[in-house]
Amino acid sequence: MNPTEKQIEWMAQALEQASKCLATNDVPVGAIVVDENGKTVGVGRNQREELNNPLAHAEIQALQNAAENLGNWRLDSCTLVVTLEPCTMCAGAIVNSRIKQVVFGADEPKTGAVGSLFDVIRDRRLTHQPEVIAGVLAEESAELLRSFFADKRND
């Protein structure tokens, strides 16, 4: 399925968040949460190094920011857009936040929990299964990560 113009626009915003990670030496992953009208209600980026916090993944940051801004932990009318396939921790948070839809960029074959290694989000045994749209601006998302890790190997 081809991504919509809105999904591409949202992913570009998530990529902007990911780019901010480079200044703090965090793995460049960015996320946004948009409401049913397409308005950005939450933003996040990987901040594990910056905050010295193993839970500070982009998705967690964006979900927390959206919940604070909306005054509700139930994000059932929202879409999470993230540059990299969520891990198991983030997939659990996504399910528990009742996100309606997840849009992600690059696959993560080593830790991905939305189809690559596990498929937590679509597990029918859980209480909620968001719709998933994968591969939106996947090459741009993957290139940002490749460049980051290439620079690390050269340091």
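The preceding data block contains the structure.
Position numbers for residues count from 1 along each chain, tracking the sequence in the order it is written. Predicted model: local features are reported for residues with pLDDT of at least 70 only, side-chain atom pairs are reported and counted for 80 or more only, and whole-chain, interface and lining totals are derived from all residues. Derived side-chain values reflect all non-hydrogen atoms in the structure, with water molecules and hydrogen atoms excluded from consideration.

S.K.: What exactly am I supposed to notice about the packing of helix 3 (residues 58-70) against helix 4 (residues 88-97) here?
M.R.: A pair of packed helices is captured by two measures, namely the crossing angle of their axes and the spacing between those axes. Axis definition: a line fitted to C-alpha atoms, over the contacting stretch in the case of helices. Angles run 0 to 180 degrees between N-to-C directions. Here a helix means four or more residues in a row that DSSP labels H or I, a strand means two or more in a row labelled E, and each is numbered from the N terminus. Look at helix 3 against helix 4: their axes get within 9 Å of each other, and the N-to-C directions meet at 20 degrees. As judged from the angle between their axes, helix 3 and helix 4 are roughly parallel. Pair helix 3 / helix 4 crosses with left-handed handedness. Every residue of helix 4 that contacts helix 3 at Glu59, Ile60 and Leu63 is listed here: Met89, Cys90, Ala93, Ile94 and Ser97. All residues other than Ala, Val, Leu, Ile, Met, Phe, Trp, Tyr, Cys, Pro, Asp, Glu, Lys and Arg, Gly among them, are scored as polar; the first ten of these are nonpolar and the last four charged. Its residues placed into classes, the contact of helix 3 with helix 4 shows 6 nonpolar, 1 polar and 1 charged. Note on terminology: angles under 35 degrees are roughly parallel, angles over 145 are roughly antiparallel, angles of 65 to 115 are roughly perpendicular, and the others are oblique. Crossing handedness follows the turn of the near helix against the far one: under a right angle anticlockwise gives a left-handed crossing, and clockwise gives a right-handed one. Residue contacts are counted whenever heavy atoms from the two residues lie within 4.5 Å of one another.

S.K.: Hey, could you run me through the pattern of salt bridges in this one?
M.R.: We count a salt bridge whenever a side-chain nitrogen from Lys or Arg sits within 4 Å of a carboxyl oxygen from Asp or Glu. All chains considered together, the criterion is met by 6 salt bridges. Here Asp123 and Arg125 are joined by a salt bridge, their closest N and O atoms 2.6 Å apart. Residue Asp123 is classed as buried on the basis of its relative accessible area, which comes to 19%. According to the relative accessible area criterion, Arg125 is exposed, its value standing at 74%. Across the pair Arg146 and Glu139 runs a salt bridge, and its minimum N-O distance is 2.3 Å. Accessibility here uses a 1.4 Å probe with only protein chains present; expressed as a share of the type maximum, an area under 20% marks a residue as buried, one over 50% as exposed, and anything in between as partly exposed.

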